[in-house]
Amino acid sequence: MPLTSQEHQYSQESRRVGKPGGALRRTLVAGAVLLLVGLGVQVIPKLASPAHAGTITLCSGFSDCRSKGYSTAGYENAWGSMYWRMYAGRNCTNYAAYRMIQTGLPNARPWSGEGNATNWGVALSRLTNRTPTVGSIAWWHSSHPSASRFGHVAYVERVSSSSVTISESNYGSDLSWRKITKGSSNYPTGFIHFNDQRLSVTKRPTVEGTAQVGKSVTVNTGSWSPNPNKIRYQWIVNKKPIPGATNKTFRIPARLAGKQIAAVLTGTRRDYRDAKTMSEILPPIKQGTLSVRKQPRITGAQKVGSTIALGGAYYSPGARIGEIRWYADKKLIARGKSRFLKVPAAASGKRIGAVLVGVKTGYRPKQSYAFASSLVGGGQAPKPPKPPETPDGLEQTEAGFVKGGTRLGGLMQVDPGSFSQQVDLSYQWTREDTPISGATTEKYYPTEADVGHRLSVTVVAKSRTGGTLTKTYGPSGRVRVKPSVRVIANGGSKQADVVVKVTAPGYVPTGSVKITTDGGRTVTKTLSRGAAGVTFVKLPPGEYAVKASYWGDEVAYWASGGDFTTVD
């Protein structure tokens, strides 16, 4: 919106006046302010000059700030232009608007009404709170004891638990930096959150390892922007923290068998708010595998009526007796949990053997075996047979599965399951049954070529005895993608033309968009080749924010975008 004649006149006069000194300067400035207040136009705010407790000036002036290592954000070369229709020059509102435009906001005031600093937090109350963040706007209302009657705004450069550091420009003075202690008389009224700087996660962390009791899983850090100074880790189960599980690597205890876990990462960086992200939720944790380190043995006299014992078994990790089965040759003669057996008459002349079943919470039961060295009643027993071995035929003893989301850039990973023998594994990922070149590991990151298609993976297991087993998992759901929504709003005489373009890598989004502007004007349009448009008519003059919300389809996720425009 162009300047009014009164605004233009003041702008020209202010340039001629420059920086008058003494009484003349005070008279001219006071007269100009009174004139503008009477006309109802924007007045350049200025922070009251007296020092206040809890405030430290770090630098004052462009050259001083540069020499001390404090950024000027290039404002010394930019203050001659108007931003958000604030007055050009070295003043707080023009500087704050300039910093917001640097973050990517358009050069159009995002509210209607006056631009005085005291009105910023009032007009944008929905964006204003008491929580400072790097990149927010510190705001002083005119009622604040340290602000002028026109309020004040500044840019938040740093945040700590006890203070905020701001950069600012005041009427007629260059840029400066100040550190203000929380709770002091000079602390801002609030903070306006236009487009704050904050830590963001650009790639979700993934987890390496098998979700099985007794195994270890490790979460990587993913990718962040900017990089955090420190990352804290917390493993969770059913959305609750696991006590003591605060390292990158977590060894899964037996109590978590059958449950699902994930890792929560908290990134911290000086002057930024903490950011959190969570890894994918792992599939239900498999039971652990017990191993027999030492087979048991049978002791005692091998004769009818005597008591024999079974002992000496060693499991890793330690297990307890779940059951003992006693045999005379191949016939079951007793079962229970007792390690002792009174030899029955039915065992005369036969060899006694025993099967001990070791059990442990969270682990699959494991058998161990023992055989007597002599026959009941005397006589040397034949050489004991070897413990039962896995059958020659290769079998899958535990089913495999694919974890991870089917989305562009995400991680898909196949767990091949367990097999009855030691095997060598090979992998091949396919797109609509067509092999994907180079996709021959257990992990796959969907590419742009996969968007909208279904994926499968074939696992081939080969045993050392020559057996082969092939398993195919899939097809998956269609690979999805996050679209971008671009809104182009052009205001005219009592109307605004709006064009919405929804784009996505490797895919043309379909479906509908909801287009909304100030005043409750809302329409829904169907996309044609990824685009839609509408003209809002009979709009009162002013600044308008236009937002488009795309509802998504079976391939593209939900997304939104916006723009500002001026209606005459």
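Residues numbered from 1 in each chain as written. Predicted model: local features only at pLDDT ≥ 70, side-chain atom pairs only at ≥ 80, totals over all residues. Heavy atoms only, no water.

Asker: Help me out: how do you make sense of helix α4 (residues 92-102) in this one?
Answerer: Each α-helix winds once per 3.6 residues, and so residues spaced three or four apart point in a common direction. In terms of burial, α4 is largely enclosed, as nine of its eleven residues are buried. Within the span of α4, buried status applies to Cys92, Thr93, Asn94, Tyr95, Ala96, Ala97, Tyr98, Arg99 and Met100. Its buried side turned inward, α4 meets α5 (117-123), β3 (137-140), β4 (152-159), β5 (163-169) and β6 (175-181). (Buried < 20%, exposed > 50% of the residue type's maximum accessible area, 1.4 Å probe, protein only. Helix = DSSP H or I, 4+ residues; strand = E, 2+ residues; numbered from the N terminus. Contact = heavy atoms within 4.5 Å.)

Asker: I tried to follow the sheet that holds strand β14 (residues 249-251) on my own but got confused; where do I start?
Answerer: Remark on secondary structure: sheet strands pair via backbone hydrogen bonds, oriented parallel or antiparallel. Taken in spatial order, the three strands line up as β9-β10-β14 in an open sheet, and their pairing is antiparallel. This sheet does not close on itself; its edge strands, each paired only once, are β9 (207-208) and β14. Sheet topology note: the β9/strand β10 (residues 216-219) ladder contains two bridges and is antiparallel. Looking at the pairing, valine 207 lines up with valine 219 of β10. (Pairing = 2+ DSSP bridges.)

Asker: Explain the pattern of salt bridges to me, please; I cannot follow it from the model alone.
Answerer: When their charged atoms lie close together, side chains carrying opposite charge are able to pair. Taken as a whole, this structure holds twelve salt bridges when the rule is applied. Lysine 68 is the salt-bridge partner of aspartate 64, the closest N and O atoms lying 3.5 Å from each other. Given the relative accessible area of 22%, aspartate 64 is considered partly exposed. Of the residues examined, lysine 68 reaches a relative accessible area of 48% and is grouped as partly exposed. Where salt bridges share partners, they join Glu323, Arg325 and Arg335 into one cluster. (Salt bridge = Lys/Arg side-chain N within 4 Å of Asp/Glu carboxyl O.)

Asker: In this structure, what is going on with the pairing of strand β37 (residues 484-491)? I would like to understand it.
Answerer: The two faces of a sheet get side chains in turn, since along a regular strand they alternate between them. Here β37 runs beside strand β38 (residues 495-503); their pairing, made up of eight bridges, is antiparallel. Paired with valine 487 across the bridge in β38 is valine 500. Counting the residues between successive antiparallel strands, the hairpin from β37 to β38 contains three residues, one of them, lysine 494, with a positive phi of roughly 60°.

Everything listed here is a matter of geometry and, on its own, says nothing about what the molecule does.
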